[in-house]
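Spelled out from the first residue to the last, the chains are:
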Amino acid sequence: MDAMTTPIPALRAPMPPFEGSDAARDFIARLDTFIRDELHPLAQQHGIDSENGAPRALLEQVWKRSRDLGFYGMTLPKALGGAGFSVVDHALVKEFIYASGSPFAPHVLGELTGPPRVGALARQATPDQMERFILPVARAEKAICFAITEPEAGSDAGALQTRAVRDGDEFVLDGTKRFISGSPFCDFAVIICSTSDDPALRETTAFFVERDRPGFRVEAGYKTMAGQSHTGNIVLTGCRIPAANQIGERGRGLALALGRITVNRLLHCPAMLGLARLALEDSLAHAARRRQFGQPIGAFQAVQHLLADMATELAAARALMLGVARSLDAGTDARAEASMAKLFCSETAFRIADRAVQVHGGEGIVQGSRVEFLFRLLRMYRVLTGTSEIQRNTIARELLGPAVR
Ligand SMILES: Cc1cc2nc3c(=O)[nH]c(=O)nc-3n(C[C@H](O)[C@H](O)[C@H](O)COP(=O)(O)OP(=O)(O)OC[C@H]3O[C@@H](n4cnc5c(N)ncnc54)[C@H](O)[C@@H]3O)c2cc1C
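For clarity, every value in this text was computed on a predicted model and none was experimentally measured. Positions within a chain are numbered from 1, following the residues in the order the chain's sequence is written. Note on the predicted model: pLDDT of at least 70 is required for a residue's local features to be given, and 80 or more for side-chain atom pairs to be given and counted; whole-chain, interface and lining totals, by contrast, use all residues. Water and hydrogen atoms play no part in the side-chain values, which are based on all heavy atoms of the structure.

1. Here's the deal with the pattern of salt bridges
The condition that has to hold: For this document, the term salt bridge refers to a Lys or Arg side-chain nitrogen within 4 Å of an Asp or Glu carboxyl oxygen. Helical segments are the DSSP runs of H or I of at least four residues, strand segments are the runs of E of at least two, and each set is numbered from the N terminus. Relative accessibility decides the category of a residue: with a 1.4 Å probe and only protein chains considered, values under 20% of the type maximum give buried, values over 50% give exposed, and everything between is partly exposed.
In total, this model carries 29 salt bridges according to the counting rule given. When the shortest N-O distance is used, the salt bridge between Arg56 and Glu60 registers 2.9 Å. In this pair, Arg56 and Glu60 both sit in helix 2 (residues 56-68), four residues apart, roughly one turn of the helix. Classification of Arg56 by relative accessible area gives partly exposed; the value is 24%. In this structure, Glu398 engages Arg335 in a salt bridge whose closest nitrogen and oxygen atoms are separated by 3.8 Å.

Written out as structure tokens, the structure is:
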């Protein structure tokens, strides 16, 4: 065999040395066993893939098993059973989960409807709210979604029109929330409403709202471009809730919702990079396996350069993510840096997926191939949780300072 025809072994994408704590390393080792021995077979047994989502009963099984194994509550405050991990550890754990390729990835830590949705609210919640909302979510018995976006309030989240009007011991809620992750299978929602008496004044307040209250309806009839249907609208029509469901102070709704926006922005990066790693690994394997002109396509320099660029950009994005995570752990504000990470990781991950499709040729175009799905899924991250343009606005504002605010 000459150099042109020698098969190229399928390599895993290079993984730099582990930078987290020993506790996180152990956590990931146990997660690896859980995902390989339980979640992969469970998905196979029930025909679940990333586009054919699991029914609520099966999700509940995953949430509860993850809870029993000590994973589900990882993000909670330590007093509620959280792991007390640094941002670096948290990012590494999430990256590992998404790089596993499991369709249950968003459910292992309960990112759509579990503990990450309520951890920060635990500080604001009354003892009654802890019992009725936070603890059932932490115990994986109930699911909760988080609703800010509306048909007329997207990037401009302060322009909310959903109204909460006080009536004795109750509030009456009217309005529509749009694109709410997890709403099709939630039991409760955190709804951010306008409570201003003067429409010219932006005043927002947060409320816990139970799904079974009259006047609460979920419209779940659409799918995202990634083929998933776990996003829906919440329509509130004269929905009455006890005043005791108000979270924190009146007027602090958005502040409460966006209070951890810097850390949250950064913590979207490991999901994108875990998925981008999958795209790279699939491409390496395909380049070694697929033969054209009598040789593996990985022997062509044009294909090698695609792979080299994918690996290089993944390494750069990962270094930025971990650098910002370290800054946050050191107590730095890092607002601009977290936006840089969200911007760079989402744009880079999509470019990696695009190249992965190119390496796969026709295979990468056909629905059902993983890189085709990753391409559509990673496209969405450039819009979710603050579009790339909004991240650039934040970065520029921080760079320019008060002069242009
Ligand atoms: C799958 C999915 C899940 C979601 N989950 C949730 C959820 O759980 N809870 C929730 O509350 N929301 C959720 N969202 C909503 C999401 O946060 C918004 O879609 C996002 O913030 C963008 O808002 P928009 O879609 O209204 O776009 P728009 O704000 O209408 O933006 C349209 C375009 O205009 C640009 N633009 C807008 N303003 C500016 C500006 N000032 N400067 C420059 N460019 C600008 C944008 O960058 C974009 O390119 C979800 C969305 C999706 C698609």
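Picking up where we left off.
2. A few points about helix 9 (residues 269-289)
Put simply, the rule is: Given the number of residues in a helix, its expected span is that number minus one, multiplied by 1.5 Å.
The first and last C-alpha atoms of helix 9 sit 30 Å apart over 21 residues, in line with the 30 Å expected at 1.5 Å per residue. Helix 9 sits mainly inside the fold: 19 of its 21 residues count as buried.

3. Describing the nonpolar core
Note the following rule: In this text, buried Ala, Val, Leu, Ile, Met, Phe, Trp, Tyr and Cys residues form a nonpolar core when linked through side-chain atoms within 4.5 Å. By the convention used here, residues are in contact when the closest approach between their heavy atoms is within 4.5 Å.
In this structure, Val93, Phe104 and Leu266 are the most contacted members of the largest nonpolar core, which totals 77 residues. Per element, the largest residue contribution to this core is 11 residues, and it comes from helix 9. Beyond its immediate stretch of four places on either side in the chain, Phe104 contacts Leu39, Leu42, Ala43, Ile48, Ala54, Leu58, Leu59 and Val62.

4. As for the domain arrangement of the chain
Operational definition: All the domain ranges listed were derived from an automatic or database domain assignment. Accessible area that two parts lose when put together, with a 1.4 Å probe and added across both, is what the buried area reports. Any pair of nitrogen or oxygen atoms within 3.5 Å is treated as a polar contact; in protein, a donor-acceptor pairing is required on top of that, and neighbouring residues in sequence qualify only through side-chain atoms on both sides. Lys, Arg, Asp and Glu make up the charged group, whereas Ala, Val, Leu, Ile, Met, Phe, Trp, Tyr, Cys and Pro make up the nonpolar group; the residues left over, Gly among them, are polar.
Split into domains, the chain comes out as domain 1 (22-121), domain 2 (144-249) and domain 3 (261-404). On the domain 2 side, the residues contacting the 12 residues of domain 1 number 14 residues. Between domain 1 and domain 2, the buried area comes to about 1,100 Å², and carbon and sulfur atoms account for 62% of it. Broken down residue by residue, the surface that domain 1 buries against domain 2 is led by Thr113, Arg117 and Leu121, which jointly contribute 43%. One can count one salt bridge joining domain 1 with domain 2. With its nearest N and O atoms 2.9 Å apart, the salt bridge here joins Asp187 to Arg56. Applying the counting criterion to the domain 1 and domain 2 interface returns four residue pairs in polar contact (both at pLDDT 80 or more). Mapped onto the side of domain 1 that touches domain 2, the elements with two or more residues apiece are helix 2 and helix 5 (115-118). Counted by class, the side of domain 1 that touches domain 2 contains five nonpolar, four polar and three charged residues.

5. Digging into the site of the ligand
Which entries qualify depends on this criterion: For this purpose, a residue is taken to be near a molecule or strand whenever a single non-hydrogen atom of the residue falls within 4 Å of it.
Inspection of the region around the ligand gives 19 residues, with Thr149, Ser155, Phe179, Thr387 and Glu389 positioned closest. Separating a nitrogen atom of the ligand from a backbone N or O atom of Phe179 is a distance of 2.9 Å. Partitioning the shell around the ligand into residue classes produces eight nonpolar, nine polar and two charged. There are two domains that each give the shell around the ligand at least three residues, and those are domain 2 (144-249) and domain 3 (261-404).

6. Side note on the pairing of strand 7 (residues 231-242)
For clarity, the cut-off: Paired strands, as defined in this entry, are two strands with at least two bridges between them according to DSSP.
Relative to strand 7, strand 3 (residues 170-181) runs antiparallel, the two being bridged by nine bridges. Residue pairing for strand 7: Ser181 is matched across the bridge by Thr231. Direction of pairing for strand 6 (residues 216-219) relative to strand 7: antiparallel, over a ladder of four bridges. If you follow Glu219 over to strand 7, its bridge partner there is Asn233.

7. Structural notes on the environment of Leu31
Mapped onto the fold, Leu31 is located in helix 1 (residues 22-46). The spacing of Leu31 and Gly368 is 337 residues in sequence and 26 Å in space, taken between C-alpha atoms. In this structure, Leu31 is in contact with Phe71, Val93, Phe96, Ile97 and Val108, ignoring residues within four places of it in sequence.

8. A look at the side chain of Asp187
The topology assignment puts Asp187 in the loop between strand 3 and strand 4 (188-194). A polar side-chain atom of Asp187 sits 2.9 Å from a polar atom in the side chain of Arg56. Setting aside chain neighbours within four positions, we find Asp187 in contact with Arg56, Glu141, Lys142, Ala143, Glu210 and Arg211.

9. Quick notes on the side chain of Ser196
Along the polypeptide, Ser196 turns up in the loop between strand 4 and strand 5 (204-210). At a separation of 2.6 Å, a polar atom in the side chain of Ser196 contacts the main-chain carbonyl oxygen of Asp198. Ignoring sequence-local partners within four residues, the contact set of Ser196 consists of Arg163, Leu201 and Glu203.

10. Some thoughts on the state of the cysteines
Keep this limit in mind: Any cysteine sulfur atom paired with another within 2.5 Å is treated as part of a disulfide.
Under the counting rule described, the total for this entry stands at zero disulfides. Note on Cys193: no disulfide assigned, nearest cysteine sulfur contributed by Cys239 at a separation of 9.3 Å. Residue classification places Cys193 among the buried positions, given a relative accessible area of 0%. Cys345 forms no disulfide, and the closest cysteine sulfur to it belongs to Cys269, at a distance of 3.8 Å.

11. Focus on the packing of helix 1 against helix 3 (residues 87-99)
Keep this limit in mind: Angles shown run from 0 to 180 degrees and are taken between the N-to-C directions of axes, each axis being a line fitted to C-alpha atoms and, for helices, limited to the stretch in contact. Orientation is classified from the angle alone, with under 35 degrees giving roughly parallel, over 145 giving roughly antiparallel, 65 to 115 giving roughly perpendicular, and any other angle giving oblique. Crossing handedness follows the turn of the near helix against the far one: under a right angle anticlockwise gives a left-handed crossing, and clockwise gives a right-handed one.
Running from amino to carboxyl end, helix 1 crosses helix 3 at an angle of 20°, the nearest separation of the two axes being 10 Å. In terms of axis orientation, helix 1 runs roughly parallel to helix 3. As helix 1 packs across helix 3, the resulting crossing turns out to be right-handed. On helix 3, the residues touching Ala24, Phe27, Ile28, Leu31, Asp32 and Ile35 of helix 1 are Asp89, Leu92, Val93, Phe96 and Ile97. For the contact of helix 1 with helix 3, a count of residues per class yields nine nonpolar, no polar and two charged.

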